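Each chain, written out:
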Amino acid sequence: MRNDPIEHLLRALYSAALYLLVPVTVYHLIWRGFRQPEYFQRWNERYAAYGAQGHHETVWIHAVSVGEVGAAAPLINALLRERPDLRLLVSTITPTGSSRARALWGDRVEHVYLPYDLSGAVRRFLRHYRPRLGLIVETELWPNLLFCCRDQGIPVYIVNARLSERSLRGYRVLRALVGRALRTLRAVAAQSRRDGERFVRLGADRDAVVVTGNLKFDIAMDPRWQASAATFREHAGTRPAWIAASTHPEEEAAVVAIHRRLRERWPDLLLLWAPRHPERFRPVSQAAIDAGWRVATRRLTRWPDRDDAVFVIDTLGELMDFYACAQVAFVGGSLQDIGGHNMLEPAAVGTAVVTGPHLHNFADIARQLRSVDALYVGEDADAVGDAIEALLADGARRTAMTAAGMALVMQGRGTLARTLELVGRDLPRKPA
């Protein structure tokens, strides 16, 4: 409520703390910039210092990074297809998210970095882009952003909303403020009943929480994937291949150890390696070279040849193509305590899926895949290696697993239609 004195006090304290931390944000950008040079660019957007004239009214979608951009893709593609009259603005926080958005949509959408949650910066952002509707993907709960949208009469939804128990605990310190911010939302479109209940526990109005499902199930099937697999086989041959996807630094030694072990049994086995972040492209290539293997990369050679032992996918936006080239996929962020990454993508293209035990960000998807025997979860790196070896050796088991995964993806479709119906009431009217 706008006349809530506790809200005013909490907002003032929160905003004061953020302004005191502005030097830390500058240090963070510099520190990240030494690892990923794109962080040195477009600082004006981080603080909403726009020189150009304000824009026409937009429909604004916020997706923090690569995973959220991928989750939002079915929704954005549907809006581009069904409402070409709309001006779409996609905001991200990370350069990799920005690159993915540009790769997917180019000039068909406008892209900007979302500013830090400083009250002045948020107000400048909203004045500049004048959104008619805000769609926040998954779990981006910035109090000043939500309060300022309410104050300016901008309806906001959280779509594909997820909230793990760990994240819920993390919001405990700011619960009084975040709970009030959640009550400004038009709706929370939750991935699952459990996610919805956690949003209610955090402070969202129960009547505003709707379980719509997970947009990741609405993956658009692309014939390019199978074409890529055919081209891959022309270059690399028909030998077995596995992929280590979205890996993080603490998982890299395990990937090397697993590949060394597997090549003792299959000397011609090929590893496709796609690190999660671009700054790891060069280090994983070097790690494979140091292991004594012949290494090729997507940027340098485009495809592996028949003598390469490791092929590093050092590009963004092509992971689905290379999932289709492998018999087994290890999805990273799961041996390291990250919380996992999207396991539906390899399942959708018909690749057997293996992960480590840390899956709190994808708990519901993991539960569904395991319930139909479409996912193997190893408790440690050795168990993950055992599972990959068993699946490479057993074609019948692999076929059954992939068929179950593809069927689950097909059955899970429909979230996109439910989400469009929910937010449609606040979309600008079509021109006459």
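To keep things clear, this report deals only with the structure shown in the data block. Throughout this document, residue positions are counted from 1 along each chain, in the order its sequence is written. Side-chain atom pairs in this predicted model are given and counted only at pLDDT of 80 or more, local residue features only at pLDDT of at least 70, and totals for whole chains, interfaces and linings cover all residues. With hydrogens and water excluded, all non-hydrogen atoms of the structure serve as input to the side-chain values.

### Looking at the sheet that holds strand β8 (residues 241–247)
Inclusion rule: Being paired, for any two strands, means DSSP has found at least two bridges between them. Here a helix means four or more residues in a row that DSSP labels H or I, a strand means two or more in a row labelled E, and each is numbered from the N terminus. In what follows, a contact means two residues having at least one pair of non-hydrogen atoms within 4.5 Å. To obtain each axis, a line is fitted to C-alpha atoms, and for helices this fit is confined to the stretch in contact; angles are then taken between N-to-C directions over 0 to 180 degrees.
Spatially, seven strands are ordered β10-β11-β9-β8-β12-β13-β14 in an open sheet, and the strand pairing comes out parallel. Each edge of the sheet is formed by a strand with only one pairing partner; in this case those strands are β10 (295–297) and β14 (376–377). As paired elements, strand β9 (residues 270–275) and strand β11 (residues 310–312) share three bridges and run parallel to each other. Within β11, the residue paired with Leu 272 across the bridge is Phe 311. Helix α18 (residues 381–393) contacts β8, β12 (328–331), β13 (352–355) and β14 of the sheet and is inclined by roughly 165° relative to β13.

### Structural notes on the packing of aromatic side chains
Our working rule: Aromatic pairing here means that ring centres of Phe, Tyr or Trp (its six-membered ring) are within 6.5 Å. Orientation follows from the plane angle: under 30 degrees is stacked, over 60 is edge-to-face, and everything else is tilted. Whether a residue is buried, partly exposed or exposed follows from its accessible area with a 1.4 Å probe, protein chains only, as a fraction of its type maximum: under 20%, in between, or over 50%, in that order. When the NZ atom of lysine or the CZ atom of arginine is within 6 Å of a ring's centre and also within 35 degrees of its normal, the charge is said to sit over that ring.
All chains considered together, the criterion is met by seven aromatic pairs. For the ring pair Trp 303 and Phe 322, a centre distance of 5.8 Å and an interplane angle of 50° mean the geometry is tilted. Pair noted here: Trp 303 is in the loop between α14 (298–301) and β11 and Phe 322 is in helix α15 (residues 319–323), with a separation of 19 residues, a long-range link. The buried category is assigned to Trp 303, whose relative accessible area is 17%. With relative accessibility at 1%, the residue Phe 322 sits in the buried group. Members of the aromatic cluster, joined through ring pairs, are Tyr 50, Trp 60, Phe 125 and Tyr 129. The ring centre of Tyr 113 lies 3.9 Å from the NZ or CZ of Arg 46, which sits over that ring.

### As for the pairing of strand β6 (residues 187–190)
In plain terms, the rule: Clockwise travel from the first strand over the helix to the second, with the strands pointing away from the viewer, marks a crossover as right-handed.
Burial along β6 is two-sided: the face carrying Ala 187 and Ala 189 and the face carrying Val 188 and Ala 190 are both buried. Of the pairings in the sheet, the one linking strand β5 (residues 156–161) to β6 comprises three bridges and is parallel in character. By the bridge assignment for β6, Tyr 157 is matched with Ala 187. Pairing of β6 with strand β7 (residues 209–211) involves three bridges; the strand directions are parallel. Across the sheet, Val 188 pairs through a bridge with Val 209, a residue of β7. Taken together, β6, helix α10 (residues 193–202) and β7 form a β-α-β motif whose crossover is right-handed.

### Comments concerning the pattern of salt bridges
Our working rule: Within this document, salt bridges are pairs made up of a side-chain nitrogen of Lys or Arg and a carboxyl oxygen of Asp or Glu, the two lying within 4 Å of each other.
Scanning all chains against the criterion turns up 30 salt bridges. Across the pair Arg 198 and Asp 195 runs a salt bridge, and its minimum N-O distance is 3.5 Å. Taken together, the positions of Arg 198 and Asp 195, both in helix α10 and three residues apart, correspond to about one turn of that helix. It is possible to trace a salt-bridge network through shared partners that takes in Glu 7, Arg 11, Arg 150 and Asp 151.

### Remarks on the nonpolar core
Rule in force here: Residue types Ala, Val, Leu, Ile, Met, Phe, Trp, Tyr and Cys, when buried and joined through side-chain atoms within 4.5 Å, form a set referred to as a nonpolar core.
Among the nonpolar cores identified, the biggest contains 42 residues, and Phe 232, Ile 243, Leu 272, Phe 322, Tyr 323, Met 343 and Leu 369 are the most heavily contacted of them. Among the elements of the structure, α11 (224–236), β8, β9, α15, β12, α16 (344–349), α17 (363–371) and α19 (395–411) are those that each provide at least two residues to this core. With residues up to four places along the chain from it excluded, the contact list for Met 343 reads Val 331, Val 353, Thr 355, Leu 359, Phe 362, Ile 365, Ala 366, Leu 369 and Leu 375. Counting residues in each nonpolar core, the second largest holds 41 residues, with Tyr 50, Leu 118, Ala 121 and Val 200 among its members.

### Quick notes on helix α2 (residues 22–35)
The test is simple: Expected span of a helix: the number of residues minus one, times 1.5 Å. Taking the helix axis as origin, the arc is that swept by the directions to the C-beta atoms.
Its 14 residues give α2 an end-to-end C-alpha distance of 21 Å, which sits within 8% of 20 Å, the value for a rise of 1.5 Å per residue. Listing the buried residues of α2 in full gives Thr 25, Leu 29, Arg 32 and Gly 33. With its buried residues spanning 110° around the axis, α2 presents them on a single face. Away from its buried face, by an angle of more than 90 degrees, α2 presents the exposed residues Pro 23, Tyr 27 and Phe 34.

### Side note on the environment of His 111
So the rule is basically this: Nitrogen and oxygen atoms within 3.5 Å of one another constitute a polar contact, given that in protein one can donate a hydrogen and the other can accept it, and given that sequence-neighbouring residues count only through two side-chain atoms.
Looking at where His 111 falls in the secondary structure, it is placed in strand β3 (residues 110–113). Taking C-alpha positions, His 111 is 7.2 Å from Ser 98, a pair spaced 13 residues apart along the chain. For His 111, the residues in contact, after removing those within four places along its chain, are Arg 42, Val 90, Thr 92, Ser 98, Ala 101 and Arg 102. A distance of 2.8 Å separates a polar atom in the side chain of His 111 from a polar atom in the side chain of Thr 92.

### Some remarks on a nonpolar patch on the surface
For the record, the criterion: Two joining distances apply to patches: 9 Å for like charges and 5 Å for nonpolar side chains (Val, Leu, Ile, Met, Phe, Trp, Tyr), and every residue must have over 30% relative accessible area and no salt bridge. Computed with the Shrake-Rupley method and a 1.4 Å probe, the accessible areas treat only the protein chains shown as cover for residues.
On the surface, Ile 30, Phe 34 and Phe 40 cluster together to form a nonpolar patch covering roughly 320 Å² of accessible area. Looking at where Phe 34 falls in the secondary structure, it is placed in helix α2.

### A word on helix α5 (residues 95–105)
Those residues of α5 that fall on the buried side of the exposure criterion are Pro 95, Thr 96, Gly 97, Ser 98, Ala 101 and Trp 105. Structurally, α5 contributes buried residues whose contacts are with α3 (43–46), α4 (66–82), β2 (88–92) and β3. Immediately downstream of α5, the backbone of Gly 106 shows phi near 55°, a positive value.

### As for the pairing of β8
Of all the seven residues making up β8, seven are buried; the element is thus mostly covered by neighbouring parts of the structure. One ladder, built from six bridges, connects β8 with β9; its direction is parallel. For Ile 243, the partnering residue across the bridge sits in β9 and is Leu 272. Between the parallel elements β8 and β9, the chain passes through helix α12 (residues 252–265) in a crossover that is right-handed. Note: β8 against β12, four bridges, orientation parallel. By the bridge assignment for β12, Ala 245 is matched with Val 331.

These results come straight from atomic positions and should not be treated as a statement about function.
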